[in-house]
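Chain by chain, the residues run as shown.
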Amino acid sequence: MRPEIICHMMSSVDGRLDCDRYTSSFDGKTFDEVSEIYFEISNRYDADAIMIGRKTVQKHYFPRYFSSRTSTAVKSLDSYKGNLKSKRYTIIADPKGKIFYESDTADGENIIAVLGETVSAEYLDHLKVTGISYVFAGPAGSDMKLALETLKKEFGINKILLEGGGYINGAFLKAGLIDQLSLMIYPGIDGLAGTSTIFDYCGIADELPAKNQKLEFKAAEVLNDGIVWLTYKIHGANG
Ligand SMILES: NC(=O)c1ccc[n+]([C@@H]2O[C@H](COP(=O)([O-])OP(=O)(O)OC[C@H]3O[C@@H](n4cnc5c(N)ncnc54)[C@H](OP(=O)(O)O)[C@@H]3O)[C@@H](O)[C@H]2O)c1
């Protein structure tokens, strides 16, 4: 059994994710003013955790890279519980243990790192000293189903909002791990080929990451400032 996964994203009208690149509001409002509703709706879902990818974390929260003069193999692949006092947690997929954390929280939410088995014992010490929990996701840190099962069984996490970026969303899509899509379309355009999109699975030509999955439209709502909120159920997810 794994937690329910709702992919909750805001994109430009061309499906791109890098908000710094969107055209600005016609009425002079800032992006932060217009996009506040994204966070309100994220809270409304009443999830146990949000989940984000390593690149998003380094862009918005912790830009520094971990380094150590030594690299000792880990002895135990047991999960670890650090500080878990916040109402909601932030789960971070960082397979190689690259992020240097300066705090045990992101936006006030205690962090749980999802790691590959090749991270060093020094990295696990860094997490423990900082008060950060962790679970393993197989040898390469990409077995999200395994990580999700551990998060449910050992941390009691039943509902997760998957909040990007495109790589981590694409990995979840390919693994059939998304049950619902909550997509907020911001009235702006990026327009440049190659910038991050809602789903960016790194596959080979002709591969279909969403094969055998089907979208059932649930609702459309026009919110403030022309933001359109679309919700879908995804059939064929790997429960
Ligand atoms: N508009 C929105 O709602 C929204 C939300 C979030 C992010 N964003 C934007 O999205 C951009 C970043 O997105 P991104 O797609 O470049 O990166 P990302 O999804 O944030 O992070 C990707 C990284 O996650 C790690 N990862 C862990 N498990 C993985 C797996 N199973 N498969 C693939 N990667 C896995 C990899 O780290 P390693 O490279 O260390 O292996 C990978 O490079 C930023 O511009 C950010 O601002 C927008």
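Another point: the overall build of the protein chain. Within the protein chain, the secondary structure is distributed over five helices and 10 strands. Over its C-alpha atoms, taken along the principal directions, the protein chain stretches across nearly 55 × 40 × 35 Å. Per-residue burial for the protein chain yields a buried fraction of 36% across its 239 residues. Here the analysis covers contacts within the protein chain between residues at least 6 apart in sequence; of these, 74% occur between residues at least 24 apart.

Okay, the site of the ligand next. Taken together, 28 residues sit near the ligand, with Gly53, Thr56, Gly164, Gly165 and Ala171 positioned nearest. Mapped onto the shell around the ligand, the elements with two or more residues apiece are strand S1 (4-11), strand S2 (49-53), helix H2 (54-60) and helix H5 (166-174). Grouping the amino acids of the shell around the ligand by side-chain chemistry returns 11 nonpolar, nine polar and eight charged. The residues that make up the shell around the ligand include at least three from each of domain 1 (1-48 + 158-239) and domain 2 (53-143).

Burial along strand S6 (residues 133-136) is two-sided: Ser133 and Val135 and Tyr134 and Phe136, pointing in opposite directions, are all buried. Inspection of the sheet shows strand S5 (residues 109-115) paired to S6 by four bridges, in the parallel sense. Opposite Val114, over in S6, you have Val135 as the bridge partner. In this view, the connection linking S5 to its parallel neighbour S6 by way of helix H3 (residues 121-130) has right-handed handedness.

The next point concerns the nonpolar core. One finds Ile160, Phe172 and Ile178 to be the most contacted residues of the largest nonpolar core, which totals 56 residues. Mapped onto the domain boundaries, this core takes at least three residues apiece from domain 1 (1-48 + 158-239) and domain 2 (53-143). Setting aside its immediate chain neighbours within four residues, Ile160 contacts Pro3, Ile5, Ala47, Asp48, Ala49, Ile50, Met51 and Ile91.

Before going further, it helps to spend a moment on the domain arrangement of the protein chain. Domain boundaries assigned for the protein chain yield domain 1 (1-48 + 158-239) and domain 2 (53-143). Here the C-alpha centroids of domain 1 and domain 2 sit 24 Å apart. Taken residue by residue, the interface counts eight residues in domain 1 and eight residues in domain 2. When residues of the side of domain 1 that touches domain 2 are assigned to their parent elements, the largest contribution, three residues, is made by H5.

As a further point, take H5. Residues spaced three or four apart along an α-helix point in a common direction, a consequence of the helix completing one turn every 3.6 residues. Of all the nine residues making up H5, eight are buried; the element is thus mostly covered by neighbouring parts of the structure. Residues of H5 that are buried sit in contact with S1, S2, strand S3 (89-93), helix H4 (144-155) and strand S7 (159-162). A positive backbone phi angle near 70° is found at Gly176, which sits one or two residues after H5.

How each quantity is defined
Counting from 1, residues in each chain are numbered in the order their sequence is written. A pLDDT threshold of at least 70 governs which residues receive local features in this predicted model, and a stricter bar of 80 or more applies before side-chain atom pairs are shown or counted, although totals over entire chains, interfaces and linings include all residues. Helix and strand assignments follow DSSP, with helices taken as H or I runs no shorter than four residues and strands as E runs no shorter than two, numbered in order from the N terminus. Put plainly, a residue is buried at 20 or more neighbouring C-beta atoms within 10 Å of its own, exposed at 12 or fewer, and partly exposed in between, counting only other residues' C-beta atoms, which are placed from the backbone. Contact between two residues is assigned when their C-beta atoms, built from the backbone, lie within 7 Å. Here is the check we use: build the C-beta atom from the backbone, and if it is within 6 Å of the molecule or strand, call the residue near. Polar here means any residue outside two lists: the nonpolar Ala, Val, Leu, Ile, Met, Phe, Trp, Tyr, Cys and Pro, and the charged Asp, Glu, Lys and Arg; Gly therefore counts as polar. How far each domain reaches was decided by an automatic or database domain assignment. The rule for pairing is simple: two strands pair if DSSP sees at least two bridges between them. Place the viewer so that the strands point away; then a crossover is right-handed whenever the path from the first strand over the helix to the second strand goes clockwise. Structurally, a nonpolar core is described as a collection of buried Ala, Val, Leu, Ile, Met, Phe, Trp, Tyr and Cys residues joined by way of C-beta atoms within 7 Å.

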